[in-house]
Amino acid sequence: MRFLEKVQKLTTAFPVETCRFEENASFYGLHPNADSRPRHIVFQPMTEETVNNLVASYRGPFPKDLLHLYRHMNGFALFWTTISLSRANIVIPYCLFSLYGVPPEPRRYTYQPYNIRIEDLAKPNHSPDSWLKFGSYHPPYDIEQFLELYIDTDTQQVYSVDKANPECCILQQWDSLDDCLCSVFDQLAEAYPTMSGVDAL
């Protein structure tokens, strides 16, 4: 998958002192002189047992490309930024692009992926039964628009849907999971080059 190549290049896109590798996740783009949230978090691959349990628990055929991705990463949280809450006079970290996974047990880690089993239960009423919700993102320069990502388990096509629209209207469509992830990553990398180490990508 081309997307895996992009993620692999994150290891060289940031100075080594801004990266940290732990049991549960790899962190890229940390501030070298502060305990800050990284620009990107990639969770360590799913175990084969977790993959098998996920497939067994799903209501239909599980997308092969997504399973392939999970054998390389248990989800991700990419392009972290901050947003200001003026009324509360605080700044909070915010992730622009997420791939859901399966949180490890026991829940002893600070950073974990969103649980795809739970997120998929919160689908719009009008979404087809064959759609699996696997991720989300905010388009460039629009933190208020929250787009959910769905893969059709019958056709393998991928769709983005505005969470705020109850009619489940498709905003964008891709022929494959890889096309979708590469497209969203490239959009955000172009919009926020200092967050992505874009010269290395």
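Refer to the structure printed above.
Residues numbered from 1 in each chain as written. Predicted model: local features only at pLDDT ≥ 70, side-chain atom pairs only at ≥ 80, totals over all residues. Heavy atoms only, no water.

Let's talk about unusual backbone geometry
Of note, the phi angle at Phe 79 is positive, near 60 degrees, even though the residue is not glycine. Phi at Tyr 141 takes a positive value of approximately 65 degrees, unusual for a residue other than glycine. By the secondary structure assignment, Tyr 141 is in the loop between β6 (131–137) and β7 (147–152). (Helix = DSSP H or I, 4+ residues; strand = E, 2+ residues; numbered from the N terminus.)

Some remarks on the pattern of salt bridges
Taken as a whole, this structure holds 7 salt bridges when the rule is applied. A salt bridge links Arg 2 to Asp 178, with the nearest nitrogen and oxygen atoms 3.6 Å apart. Placement of Arg 2 in helix α1 (residues 2–13) and of Asp 178 in helix α5 (residues 177–191) is noted, with a sequence separation of 176 residues between them. Overall, Arg 2 belongs to the partly exposed group, its relative accessible area being 43%. Its relative accessible area of 11% is what places Asp 178 among the buried residues. Across the pair Glu 22 and Arg 20 runs a salt bridge whose closest N-O atoms are separated by 2.7 Å. Each of the salt bridges in this network shares a partner with another, and the network as a whole consists of Arg 2, Asp 178 and Asp 179. (Salt bridge = Lys/Arg side-chain N within 4 Å of Asp/Glu carboxyl O. Buried < 20%, exposed > 50% of the residue type's maximum accessible area, 1.4 Å probe, protein only.)

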